[in-house]
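Secondary and tertiary structure notes
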Amino acid sequence: RFIDSRYNQLFRIADGGRQIEKISAWLKSEFFKIADEKQRKPTKSEIDRITEKVYEKIEEAQIWIPYYEVRRYMSSKQTRFWNQWLKQKNEHDSE
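These figures come from a predicted structure and were not determined experimentally.

Some words on the overall build of the protein
Summing up its helical and strand segments, the protein has 4 helices and 0 strands in all. When the elements of the protein are put in sequence order from the N terminus, they spell out α-α-α-α. Among the 95 residues that make up the protein, the fraction classed as buried is 40%. Across the protein, contacts joining residues at least 24 apart in sequence account for 60% of those joining residues at least 6 apart. Carbon and sulfur atoms form 47% of the exposed surface of the protein, whose accessible area is close to 6,200 Å².

Here it is in structure tokens:
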């Protein structure tokens, strides 16, 4: 169905954006796991592993999007995920 889909096309195509929300949530969750474990921003190789792990979930869910689109999206969201992680950590530390 989505053999040549770009990430932003998924938002418009199927399930009213639920697929893109699902993928984004998976990427953020895996990013947070690494950040929690290492207490630092994930490295490029860790970002690659996050993307690979999430891509396995994407394939299991039968969402058709090229790997490079997911990797590119992850690259574009790294800073946002990092800032969200820092904010969450700071809120937790202040309690």
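That covers the picture; the talk isn't over yet.
What about the side chain of Glu 30?
Inspection of the secondary structure assignment puts Glu 30 in helix α2 (residues 18-38). Within polar-contact distance, the side chain of Glu 30 engages the side chain of Lys 53 at 3.5 Å. With residues up to four places along the chain from it excluded, the contact list for Glu 30 reads Ile 50, Lys 53, Val 54 and Lys 57.

Procedures and definitions
- Here, residues in each chain are numbered from 1, in the same order as that chain's written sequence.
- Two thresholds apply to this predicted model, a pLDDT of at least 70 for residue-level local features and 80 or more for giving and counting side-chain atom pairs, whereas whole-chain, interface and lining totals are computed over all residues.
- Note that the side-chain values use all heavy atoms of the structure and ignore hydrogens as well as water.
- For helices the rule is a DSSP run of H or I covering at least 4 residues; for strands it is a run of E covering at least 2, with both sets numbered from the N terminus onward.
- Classification of residues uses two cut-offs on accessible area relative to the type maximum, computed with a 1.4 Å probe and protein chains only: under 20% is buried, over 50% is exposed, and between them is partly exposed.
- Any two residues whose heavy atoms approach within 4.5 Å at even a single point are treated as in contact.
- Using a 1.4 Å probe, the Shrake-Rupley method yields the accessible areas, and only the shown protein chains count as cover for residues.
- Nitrogen and oxygen atoms within 3.5 Å of one another constitute a polar contact, given that in protein one can donate a hydrogen and the other can accept it, and given that sequence-neighbouring residues count only through two side-chain atoms.

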